[in-house]
Amino acid sequence: MDEHLLLEVMSVFVVVAAIALLIQAGYLFGIYKSVRAMEDNATRLMPKVETLVVSSHAALEDYRSQMAELTTKAHALMDTSQKQLNTVEEFLTDAAARGRVQMDRAEIFLDDAMARAQDTVAMVHGTVITPLRQINGVATGVRAALQYFLRGNRPSPDRATVDEEMFI
């Protein structure tokens, strides 16, 4: 290639590079203006942010002290509740044990009462019912003997009918 063409190509590339540098300078100037505007806005908002940070810090400290107080009270309440639950548990355990003892005593009492009632029934049966049956048997025998001797051998027709109806 000849020198002249080379110089022209290089001149074109230098112009293109210069244009690119100007465009970049324009972008940098725009960025600089944006940064300055943001800095101005940030400078204007900084006092408000600082007061917000200070008040947030104060509120946070207040909440921390309140949370510490609540935590202490909650632990005290849980300790008291645990003690009361232990007392109630001891009371219920004692009541259950006493209840079992009383139920055992009631069962023994009822068993004894039932045994005595059975003994009494057996004694009444042996001393009252059995002699009454024997007396009833003797009375029936005396009645039959009297009827036999007073009326003769034959039973009355009413009596015979009643006796027959019992077996039919």
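The sections below set out a description of the structure shown in this document. Just so it is clear, the structure is predicted and the values come from calculations on it, not from any experiment. (Residues numbered from 1 in each chain as written. Predicted model: local features only at pLDDT ≥ 70, side-chain atom pairs only at ≥ 80, totals over all residues. Heavy atoms only, no water.)

**Structural notes on the overall build of the protein chain**
So, step 1. A tally of regular secondary structure across the protein chain gives two helices and zero strands.
So, step 2. Here the protein chain, with 168 residues, has 0% of them falling under the buried criterion.
So, step 3. Of the accessible surface of the protein chain, which amounts to about 15,500 Å², a share of 67% is contributed by carbon and sulfur atoms. (Helix = DSSP H or I, 4+ residues; strand = E, 2+ residues; numbered from the N terminus. Buried < 20%, exposed > 50% of the residue type's maximum accessible area, 1.4 Å probe, protein only. Areas by Shrake-Rupley, 256 points an atom, 1.4 Å probe, with all protein chains shown as cover.)

**Considering the pattern of salt bridges**
So, step 1. Counted under the stated rule, the structure contains five salt bridges.
So, step 2. Among the ionic pairs, E39 bridges to R36, the shortest N-O distance being 3.3 Å. Of this pair, E39 and R36 both sit in helix α1 (residues 3-151), three residues apart, roughly one helical turn.
So, step 3. For E39, a relative accessible area of 41% translates into the label partly exposed.
So, step 4. Among the ionic pairs, E69 bridges to K73, the shortest N-O distance being 3.2 Å. Placement of the pair is E69 and K73 together in helix α1, with a separation of four residues, close to one helical turn.
So, step 5. By relative accessible area, E69 is classed as partly exposed at 44%. (Salt bridge = Lys/Arg side-chain N within 4 Å of Asp/Glu carboxyl O.)

**Quick word on a nonpolar patch on the surface**
So, step 1. A cluster of nonpolar side chains, namely V124, V128, I129, L132 and I135, defines an oily patch on the protein surface of about 400 Å² accessible area.
So, step 2. Position of V128 relative to the elements: it lies in helix α1. (Patch = residues over 30% accessible without salt bridge, like charges linked within 9 Å, V, L, I, M, F, W, Y side chains within 5 Å.)

Worth remembering: the numbers are spatial, not functional.
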